[in-house]
Amino acid sequence: MTQSFRLDKTGLINKNKKISFKFNGKSYFGYEGDTLASALIANGVHLVGRSFKYHRPRGFFGAGVDEPYAIVQLYRNGETDPNVRATEQELFEGLEAKSVNCWPSVNFDIGAINNFLNIFLPAGFYYKTFMWPRSFWYKIYEPFIRKAAGFGAASTKHDKEKYEHKYEYCDLLIAGSGPSGLASAYAAAKNGARVILAEDKPRYGGSLLTSDVSIGNQSGKDWADNIIAELKGMENVIVKNRSQIFGYYDHNMLVMSERITDHLPKSDKHTPKQRMWYIRAKQVVISSGSIERPIVFGNNDTPGVVLASAAKEYMKVYGVLVGKKPVIFTNNDSAYETAIEFKKNNINPVVLDSRKNPQSEIIKEALSLGIEVKFSHVVVAAKGYKKVKSCDIAMISDNKENLIDITNIKCDCICVSGFWTPTIHLASQSGSKTKFVEDIDAFIPDKSKQKEITLGSANGVFTLDETLKTSFQKGYELSKEITNQDNKLQSPQVSEKQQSKHDKFWCVPLPNGKNYKRFLDFQNDVAVSDIELALREGYRSIEHVKRYTTLGMATDQGRTSNLNGLQLVSKIENKVVPAVGHTTFRPPYTPVTIGAIVGREIGKHSKPTRKSPMHSWHEKNNAVFVDAGVWLRPRYYKKDNEGLFEASKREAENVRKNVGVCDVTTLGKIDVKGKDSAEFLNRVYTNAWLKLPVGKARYGVMLREDGVVMDDGTTTRISENHYHMTTTTAQAANVLSHLEYYLQIVWPELDVNVVSSTEQWAGAAIAGPKSRDLLQKIFPDTDVSNDALPFMGFLEANLFGVKARIFRISFSGELAYEVNVESDNGNFMWEKIIENGKHFNLQPYGTEALSTLRIEMGHVAGSELDGRTIPYDTGLDGLISKKKDFIGKRSLLKKAFNETDRQRIVGVVPLDKKTSIPEGSHLVNDPKAKMPILKLGHISASCWSVEHNNPFSLAILKDGKNMIGSKLYAMSPLKNKTIPVEIVSSHYVDPKGERVRS
Amino acid sequence: MLYIKCPYCGYRSQNEFAYGGDATIKRPELNKEVTDKEWDNFVYLRKSPRGKHLELWHHVSGCRQWIKVLRDTNTHEIFNTYKSEDKVET
């Protein structure tokens, strides 16, 4: 099979290596180095998609990142990617791609009927059409819009590929490897700077790959190749291709996505597909180049209408002809390079130049080569549906308003050039203002906001000589500031053709009686008439016009359309372009995959997993784990066929009857030391701390300054100036920051130090009526009697040769102890407890039984201390000292906090003593009342009371104090349950607290 | 992402820090009578200036020191950073 549009002699691709691929199910081949676009064009395929709104046929328009049309769905190694630009996707063996936005096929697309119904699809049609009736939204409009919107479909499968993040620092980060990027990188690197040079494309060199210039005595391309080779060999330089710097953030942080294996059939096992670089640069050089913009004319979206620069790139880089009978339509000199390139390949183009009598070196050359050039001529409209077949051309009057002598000429492609638009996205993202330059009819960056500079055509400089001189100079100056070295290179001699001025002409008028669609935005089907309509309807701000018409939106972000859109608005509004302004440039410059953003922080790696030293014992003994913040804790230990309910009930019952052991390593622990520790605790906690003796623990509650309970826990005085504080698992980190804030900022005069010791201690809670007997067995040398170790007592003891701390504290409400040993001895301690506990019917219990025990005791935890409750609400008001001041005390005087019917914690029992009440249920008087029903309170925690053998819940209830004995309803609309309940005391078991002291 | 110079550790990325709000707020002294208004001003009311702002940052994933940062809330420019005990004229 021959490729009739492939040139034999030109191109940078490897014609010795054929690559086969499939497009829309049909097999083709291309060569190594092709993009999907160049390979398709070589095969004569131009119809690649359908447009967004009208489903008009779409071909190729550009040759790279500017491509608005050729968006395909890519299939690779069992995965699929939407939104892939065919002009950027490199060919690999076995590549498969499909057109999007068409059904049933790109050749016969039913949606194309929209093209004939287009009077119903004007600008803002979403807003106009889908408003009424309101009831249509969910079932009809929204599904329709979802189906119609967007290109392609995201995969619903788990992405098997790997993605990485990398952090890097450098002196100079250079975005783009065109002439200005290469020159500044080289000058800076030779002057000792650490340089990162990033190129989005696979090939380095930017415009040097396709322009006809020489630098020194080399061609532009050879010069670029040599510089890159030298830079790659330098230790202070990182050179990256296929790497897009897409975002410029504060303090010179830039983000780059590197495509590592997207151009290969599959990633090998250990190679990531993409890598996201977070780069902090001392200086940034923006050498992102410029993009050619089109001239607007009738049916300018027909496949076969391409940018002149793209046509040249297809020939020079890929050895591919976009057509064999080209018309070149331009308002400037640069398109003549395309014409000459065609001619060199024995193709005869016709050049239509809107200028009347331009004079320049390159025009002379074109004429001398025998190229047909028509001055003061324009393309009026392209003809042909799925491919350009001919075009109407005309002479244009000097004022550019009248078309004279419209004639039709045959052609198979129209290469259009409306001059160049600097790519200023990065500079704008950095916060720099922009300025409009009349000479080039485009915006360039104004004064730099961060440490950055824009060079070359991105800065509106279109001559190579000036670009190289400035870039060598700036590379030297910027590096000198950083490295203090003084190695200055001379800018090489350049030979290039001088260019004449471009014509300020961007839109061909409509001939009388014709209403051709003239597209501004090709990706979103925004035509001149849509903008005119939006302005007639009163939209003025360019940001509003953009959103109403979708001009400049979606994946190409208006790279080829924005400026022409602004020209149109400025013409209709009779304002100059800078007064119209432009829309904001936001990152990312090109779409970035979610995979690259997430990196390796996926699944289990999305957060750290903390495990107690006893974790492997729990695993071996059938623990079912639950996430507690970042900790993994045993929820219950499964026996036989038990579920959560049976197992936790068994475990809790055993604590009430015999003895249980629970891993409490996760509790936050903070070591408090210093001579003012007692005073500090006295300010932090609501109760009195000055008189706590050494060897005693105390329960404490701490508030935020707004009076809301922050955390609770016990703190033990280990020695005169040394305390061991415990916090809840969830609040451990916040409490430490809170203490540090008060010690460093509010009361720096206090001599106190705090440090987290959570990970230094392993903890086991031993609870139940037989716990003292068990304790005595594991500490045979220590007197643990009620006298020697009373409730809230503390001892240091010897656990079979290991140093241990025993705290007599209780969360379960039973006689209970907490034993702490150094973490490394945690498993030893645990096994000793299990081994010696057999005699007492000891069973380990998990967090579910732990909750049951504390709920039926009425002990509060995170579900009650939820950041909205004050001490009174949770029954902790007895712990408020009247005598001293503490953090948050003043807030407790607030009127709302002292209302007599203030919410308060209560117990709740279902009247049938059978139906468990879902947590989060609302308590109401009358479940049949009209919605919204007045809510009196909510269920904060529920359990199956093992003591009473019926469901029991805690609730925070308005006027809870006076509601004991009332009958209410617990409503859970989520679970569709309404349960009649009785309000009881929150202390459902052992209300006098005798067991803990027994 | 901001680049913050911790007076103890040097330049570190913002993700090592937690924001701590206005550094000029002074907590009323303990055991001193304060009016409702004074207390509410301390607990709830903060200025949200456009421009220079002296604020606290906590180097949580570093040295765990609370530091003061003089930052422009509009441009994010950081003019200087200080230890918590340093007196700063704003």
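Just so you know, these numbers come straight off a predicted model, no measurement behind them.

Student: Please provide a residue-by-residue account of the overall build of chain B, values included.
Tutor: When its secondary structure is counted, chain B shows 1 helix and 6 strands. Helices and strands appear in chain B in the N-to-C order β-β-β-α-β-β-β. In terms of overall dimensions, chain B has C-alpha extents of about 40 × 30 × 25 Å along its principal axes. Evaluated residue by residue, chain B yields a buried proportion of 39% over its 90 residues. Accessible area for chain B stands at about 5500 Å²; split by element, carbon and sulfur atoms hold 45% of it.

Student: Which residues make up the nonpolar core, and what values go with them?
Tutor: All names here are of chain A. Ranked by size, the top nonpolar core spans 87 residues in total, and within it Y314, F329 and I414 carry the most contacts. The greatest single-element share of this core, amounting to 7 residues, is contributed by helix α7 (residues 308-318). There are two domains that each give this core at least three residues, and those are domain 1 (14-129) and domain 3 (294-418). Setting aside residues up to four positions removed in sequence, Y314 forms contacts with A37, S38, I41, F60, G62, A63, T87, G319, V320 and V322. By size, the runner-up hydrophobic cluster in this structure holds 32 residues, among which are A188, A224, I453 and L455.

Student: Which residues make up unusual backbone geometry, and what values do they have?
Tutor: Residue and element names in this part refer to chain A. The peptide bond linking P587 to P588 adopts the cis configuration, its omega dihedral lying at 0°. By the element assignment, P588 lies in the loop between α15 (577-580) and α16 (594-598). For the bond running from M931 to P932, omega is -5°, close enough to zero to count as cis. Within the secondary structure layout, P932 lies in the loop between β46 (922-924) and β47 (937-945). Despite not being glycine, H251 shows a phi value in the positive range, around 55°.

Student: Can you explain the environment of D926 of chain A? Please cite residues and give values.
Tutor: Residue and element names in this part refer to chain A. Checked against the element boundaries, D926 lands in the loop between β46 and β47. Look at D926 and you get partly exposed, because its relative accessible area is 39%. Each C-alpha atom, one on D926 and one on I531, is 57 Å from the other, the two residues being 395 residues apart in sequence. Here K928 takes part through its backbone nitrogen, which lies 2.9 Å from a polar atom of the side chain of D926.

Student: Got a sec to walk through the packing of aromatic side chains? Specific residues and values, please.
Tutor: Going through the model one piece at a time under the given rule, you end up with 25 aromatic pairs over all chains. Note on Y69 of chain A and F522 of chain A: the rings are 5.5 Å apart at their centroids and 85° apart in plane angle, and the pair reads as edge-to-face. In this pair, Y69 of chain A is assigned in the loop between β4 (57-58) and β5 (71-76) and F522 of chain A in the loop between β30 (519-521) and β31 (526-527), connecting sequence segments 453 residues apart. Across the pair, exposure class does not vary: Y69 of chain A and F522 of chain A are buried alike. Look at F794 of chain A and F807 of chain A: their rings are 5.1 Å apart centre to centre, the planes differ by 35°, and that puts the pair in the tilted class. Within this pair, whereas F794 of chain A is found in strand β41 (residues 794-799), its partner F807 of chain A is found in strand β42 (residues 802-807), the two being separated by 13 residues in sequence. A relative accessible area of 3% means that F807 of chain A is categorised as buried. Members of the aromatic cluster, connected to one another through ring pairs, are Y741, Y742 and W747 of chain A together with W66 of chain B. For the cation-ring pair, K400 of chain A lies above F505 of chain A, with the distance from its terminal atom to the ring centre recorded as 5.5 Å.

Student: Tell me about the pairing of β41 of chain A, and name the residues and values.
Tutor: Successive side chains on a regular strand alternate, one facing one side of the sheet and the next facing the other. Residue and element names in this part refer to chain A. One ladder, built from 6 bridges, connects β41 with β42; its direction is antiparallel. If you follow L799 over to β42, its bridge partner there is V802. Between the antiparallel neighbours β41 and β42 lie 2 residues, among them F800 with a positive phi of about 45°.

Student: How would you sum up the side chain of R904 of chain A? Please name residues and give values.
Tutor: Residues and elements named next belong to chain A. Of note, R904 is situated in strand β45 (residues 904-910). Among the polar contacts made by the side chain of R904, one reaches the main-chain carbonyl oxygen of Y872 at a distance of 2.9 Å. Among residues more than four places away in sequence, those in contact with R904 are Y872, D873, G875, D877, A955, I956, L957, G960 and K961.

Student: Describe the sheet that holds strand β10 (residues 214-215) of chain A, and please don't skip the residues or the numbers.
Tutor: All names here are of chain A. Taken together, the 3 strands give an open sheet; going across it, the order is β11-β10-β29, and neighbouring strands pair in antiparallel fashion. Since the sheet does not close on itself, it has two edges, and those belong to β11 (218-219) and β29 (494-495), each with one partner. In terms of strand pairing, β10 meets β11 through 2 bridges, oriented antiparallel. Bridged to I215 within β11 is Q218.

Student: How would you sum up the sheet that holds strand β4 (residues 52-58) of chain B? Please name residues and give values.
Tutor: Strand order in the open sheet formed by 4 strands is β3-β4-β5-β6 (chain B), with antiparallel pairing between adjacent strands. Two strands bound the open sheet, and with one partner strand each, they are β3 (18-22) and β6 (78-83) of chain B. Pairwise comparison of adjacent strand axes, ignoring direction, gives a mean angle of 30° for this sheet. The sheet contact formed by β3 of chain B and β4 of chain B spans 3 bridges and is antiparallel. What sits directly across from A18 of chain B, in β4 of chain B, is H58 of chain B. The strands that helix α20 (residues 732-746) of chain A touches are β4 and β5 (66-72) of chain B; relative to β5 of chain B, the one it contacts most, it runs at about 85°.

Student: Before we move on, can you summarise empty space enclosed by the protein with the specific residues and values?
Tutor: Residue and element names in this part refer to chain A. Summed over all chains, the structure comprises 9 cavities of 30 Å³ or more. By volume, the largest cavity is sized at about 360 Å³. As for the largest cavity, its lining consists of 25 residues, of which Q557, G558, N562, L563 and F585 are closest to the centre. Going through the elements one at a time, β25 (420-422), α13 (542-549) and α14 (562-573) are the ones with two or more residues in the lining of the largest cavity. Here the element with the most residues in the lining of the largest cavity is α14; it accounts for 3 residues. Considered class by class, the residues forming the lining of the largest cavity number 10 nonpolar, 11 polar and 4 charged.

Student: Describe in detail the packing of helix α12 (residues 528-536) of chain A against α13 of chain A, supporting the description with residues and values.
Tutor: Residues and elements named next belong to chain A. Remark: α12 packs on α13, axes separated minimally by 10 Å, with the N-to-C direction vectors making an angle of 120°. With respect to α13, the element α12 is oriented oblique. The interaxial crossing formed by α12 with α13 has right-handed handedness. Touching D530, I531, A534 and L535 of α12 are V545, Y548 and T549, all from α13.

Student: Describe the domain arrangement of chain A, naming the residues involved and giving the relevant values.
Tutor: All names here are of chain A. The domain architecture assigned to chain A consists of domain 1 (14-129), domain 2 (163-290 + 422-495), domain 3 (294-418) and domain 4 (668-845). The interface of domain 1 with domain 3 comprises 24 residues on the first partner and 19 residues on the second. Taken together, the two surfaces of domain 1 and domain 3 that pack against each other cover about 1800 Å², and 57% of this comes from carbon and sulfur. Joining domain 1 to domain 3, the criterion identifies 2 salt bridges. Notably, a salt bridge pairs R56 with D301, separated by 2.7 Å at the nearest N-O pair. Inspection of the region where domain 1 meets domain 3 yields 7 residue pairs in polar contact (both at pLDDT 80 or more).

Student: Tell me about the pattern of salt bridges, residues and numbers included.
Tutor: Residues and elements named next belong to chain A. With the rule as written, the count across this model stands at 64 salt bridges over all chains. In this structure, the salt-bridge partner of D81 is K273, at a minimum N-O distance of 2.9 Å. Taken together, the positions of D81 in strand β6 (residues 79-85) and K273 in the loop between β14 (253-259) and β15 (274-286) put the pair 192 residues apart, joining distant regions of the chain. A salt bridge links K383 to D392; the shortest N-O distance between them is 3.5 Å. The partly exposed category is assigned to K383, whose relative accessible area is 27%. Connected through shared salt-bridge partners, E164, K240, E258, R275 and R600 make up one network.

About the criteria used
- Residues numbered from 1 in each chain as written.
- Chains lettered and ligands numbered in written order.
- Predicted model: local features only at pLDDT ≥ 70, side-chain atom pairs only at ≥ 80, totals over all residues.
- Heavy atoms only, no water.
- Helix = DSSP H or I, 4+ residues; strand = E, 2+ residues; numbered from the N terminus.
- Buried < 20%, exposed > 50% of the residue type's maximum accessible area, 1.4 Å probe, protein only.
- Areas by Shrake-Rupley, 256 points an atom, 1.4 Å probe, with all protein chains shown as cover.
- Core = buried A, V, L, I, M, F, W, Y, C linked by side-chain atoms within 4.5 Å.
- Domains from an automatic or database assignment.
- Contact = heavy atoms within 4.5 Å.
- Polar contact = N/O pair within 3.5 Å; in protein donor to acceptor, adjacent residues only side chain to side chain.
- Phe/Tyr/Trp six-rings, centres within 6.5 Å; stacked < 30°, edge-to-face > 60°.
- Lys NZ or Arg CZ within 6 Å of the ring centre and 35° of its normal.
- Pairing = 2+ DSSP bridges.
- Axes fitted to C-alpha atoms, helices over the stretch in contact; angles between N-to-C directions.
- 1 Å grid on protein atoms, 1.4 Å probe; cavity = no way out; pocket = protein on both sides within 12 Å on 5 of 7 lines; lining within 4 Å.
- Points joined across faces, edges and corners; volume = space filled by probe spheres on them.
- Nonpolar A, V, L, I, M, F, W, Y, C, P; charged D, E, K, R; others polar.
- Parallel < 35°, antiparallel > 145°, perpendicular 65-115°, else oblique.
- Left-handed = near helix turned anticlockwise from the far one by under 90°.
- Buried area = accessible area lost by both parts, 1.4 Å probe.
- Salt bridge = Lys/Arg side-chain N within 4 Å of Asp/Glu carboxyl O.

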